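These are the residues of each chain, in order.
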Amino acid sequence: MAQQQRVPLIAGNWKMNQNHQEAVVLVQKLSWVLQDKKHDYERVEVTVVPPFTDLRSVQTIVDGDRMRITYGAQDVSVHDAGAYTGEISASMLAKLGCSYVVVGHSERREYHGEDDALVAAKALKAIDAGMTPIVCVGEGLDIRNEGTHVAHCTQQVEGSLAGLSPDQVAEAVIAYEPVWAIGTGEVATPEDAQEVCEAIRAQVAKTWSSQAAERVRILYGGSVKAANAAAIMAQPDVDGALVGGASLQAEEFAAICRFYDLPDLSGVA
Ligand SMILES: O=C[C@H](O)COP(=O)(O)O
């Protein structure tokens, strides 16, 4: 399905890296590099997803310097307030100016036992607070080797967006991240990324609406670098990237954000 009016989104998930002082330096550097290249944020949206402890500092620098970079959080509580030690509510994140909240990242699913129902509840909390959830799905190596990865991912989409209306799904972001490609240097081929992103869009059309399918942005994540971004982003159902390791280097991340300037090296031996 053609990309049409979907504005690509490049999101940098810093994971548990960068203290609040380092965060300010990294955001400033990213902004400078993009400014230097006259980056058009209407053409490609750029967001960073720092640890919770950095958000206030990132908010201050983004607002103070009137940056066009947006930012988000890596997780959110399903609870609104109260005795939930260690949890952070959606309203707290909204108050910090977060535009996005990543939910259901494979590291949350694996290390914190999060299932699709919890992920859907978190997505709804983010939406209720005025933020956009980036809902992550993806298969492990065993499922990929079995060849059932498409069914696995479409089922995860069904479960992880359960309860959202077609309009809410249209405004959401889905990230397809094959677990075997995260932080391993093992990137899925552009065709692998397209296969699953296309199937996810078809599933959204079937379960929600064709309009939601046309509007929802679907990102690819897993060892995205400047060297492979152009080929991945050229796929018709890939609307951006969720970038981990490479988002910690301002120059590299800025190059990914400007993927349309990069050569497509996929055919080069
Ligand atoms: O959220 C980001 C993904 O887990 C990808 O991480 P990576 O780019 O380091 O493979």
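Everything quoted here is computed from the prediction, not taken from an experiment. Think of each chain on its own: its residues are numbered from 1, step by step along the sequence as written. With the structure being a predicted model, the display of local features is reserved for residues of pLDDT at least 70 and the display and counting of side-chain atom pairs for 80 or more, all residues being used for whole-chain, interface and lining totals. The basis for every side-chain value is the complete set of heavy atoms in the structure, and neither hydrogens nor water enter the calculation.

## Topic: the packing of aromatic side chains
- Aromatic contacts are taken between Phe, Tyr and Trp rings whose centres are within 6.5 Å, Trp giving its six-membered ring; a plane angle under 30 degrees counts as stacked, one over 60 as edge-to-face, and the others as tilted. Counted according to the given criterion, the structure contains two aromatic pairs.
- Considering the side-chain rings of phenylalanine 259 and tyrosine 260, the 5.5 Å spacing of their centres and the 75° angle between planes classify their relative orientation as edge-to-face.
- Type-normalised accessible area, obtained with a 1.4 Å probe on protein chains alone, sets the label of each residue: buried when under 20%, exposed when over 50%, and partly exposed for intermediate values. The class of phenylalanine 259 is buried, set by a relative accessible area of 11%.
- Two conditions define a charge sitting above a ring: the NZ of Lys or the CZ of Arg must be within 6 Å of the ring centre, and it must be within 35 degrees of the ring normal. Across the ring face of tyrosine 260, the terminal group of arginine 43 is positioned such that the distance to the ring centre comes to 3.5 Å.

## Concerning the packing of helix H5 (residues 116–128) against helix H7 (residues 149–160)
- Note on geometry: axes are lines fitted to C-alpha atoms, helical ones only across the stretch in contact, with angles between N-to-C directions running from 0 to 180 degrees. A run of H or I in DSSP counts as a helix once it spans at least four residues, and a run of E counts as a strand once it spans at least two, with each numbered from the N terminus. Direction vectors running N to C along H5 and H7 enclose 50°, while the axes themselves pass 7 Å from each other. Taken as axis vectors, H5 and H7 run oblique relative to one another. On the side of H5, the interface is formed by Asp116, Ala117, Val119, Ala120 and Ala123, while H7 contributes Gln155, Gln156, Gly159 and Ser160.
- In this classification, the charged set is Asp, Glu, Lys and Arg, the nonpolar set is Ala, Val, Leu, Ile, Met, Phe, Trp, Tyr, Cys and Pro, and all remaining amino acids, among them Gly, are polar. For the contact of H5 with H7, the residue count by class is four nonpolar, four polar and one charged. An angle below 35 degrees is treated as roughly parallel, one above 145 as roughly antiparallel, one from 65 to 115 as roughly perpendicular, and anything else as oblique. Here, residues are in contact when the closest pair of their heavy atoms is within 4.5 Å.

## What to know about the UniProt feature "binding site: substrate" (unreviewed entry) in the chain
- When the UniProt feature table is mapped onto this chain numbering, "binding site: substrate" (unreviewed entry) sits at Asn13, Trp14, Lys15, Gly183, Ser223, Gly244 and Gly245. Maximum C-alpha separation among the annotated residues is 13.8 Å over a sequence range of 233 residues, consistent with a single clustered spot.
- By the element assignment, tryptophan 14 lies in the loop between strand E1 (9–13) and helix H1 (20–36).
- Residue tryptophan 14 is classed as buried on the basis of its relative accessible area, which comes to 1%.
- Aside from chain neighbours lying at most four places away, what touches tryptophan 14 is Ala23, Leu26, Val27, Val48, Val49, Pro50, Pro51, Asp54, Gln74, Ser247 and Leu248.
- Relative to the assigned elements, glycine 183 resides in the loop between strand E6 (173–176) and helix H9 (190–207). UniProt positions are given in the numbering used here, feature names are shortened, and annotations may be inferred rather than shown by experiment.

## Side note on the nonpolar core
- Joining through side-chain atoms within 4.5 Å is the link that ties buried Ala, Val, Leu, Ile, Met, Phe, Trp, Tyr and Cys residues into a set, and such a set is a nonpolar core. In terms of nonpolar packing, the biggest core is built from 70 residues, with Ile10, Leu30, Ile174, Val204 and Tyr220 touching the most fellow members.
- Contact partners of tyrosine 220, with chain neighbours within four places excluded, come to Tyr176, Pro178, Ala181, Val187, Ala188, Ala193, Ile232, Val238, Gly240, Ala241 and Leu242.
- Judged by nonpolar contacts, the second largest core, of eleven residues, contains Cys136, Ala175, Leu219 and Leu242.

## Things to note about the UniProt feature "active site" (unreviewed entry) in the chain
- UniProt feature "active site" (unreviewed entry): in the numbering of this structure it lies at His105 and Glu177. The largest pairwise C-alpha distance within this set of annotated residues, which runs over 73 residues, is 8.5 Å, so the set is compact in three dimensions.
- Along the chain, glutamate 177 turns up in the loop between E6 and H9.
- If we skip the residues at most four places from it in the chain, glutamate 177 touches His105, Cys136, Val137, Gly138, Glu139, Ile182, Gly221, Gly222 and Leu242.
- Each polar contact in these results corresponds to two N or O atoms within 3.5 Å; when the atoms are within protein, one needs to be able to donate a hydrogen and the other to accept it, and residues that are neighboring in sequence are counted only if both atoms are side-chain atoms. Only 3.1 Å separates the side chain of glutamate 177 from the side chain of histidine 105, close enough to count as a polar contact.

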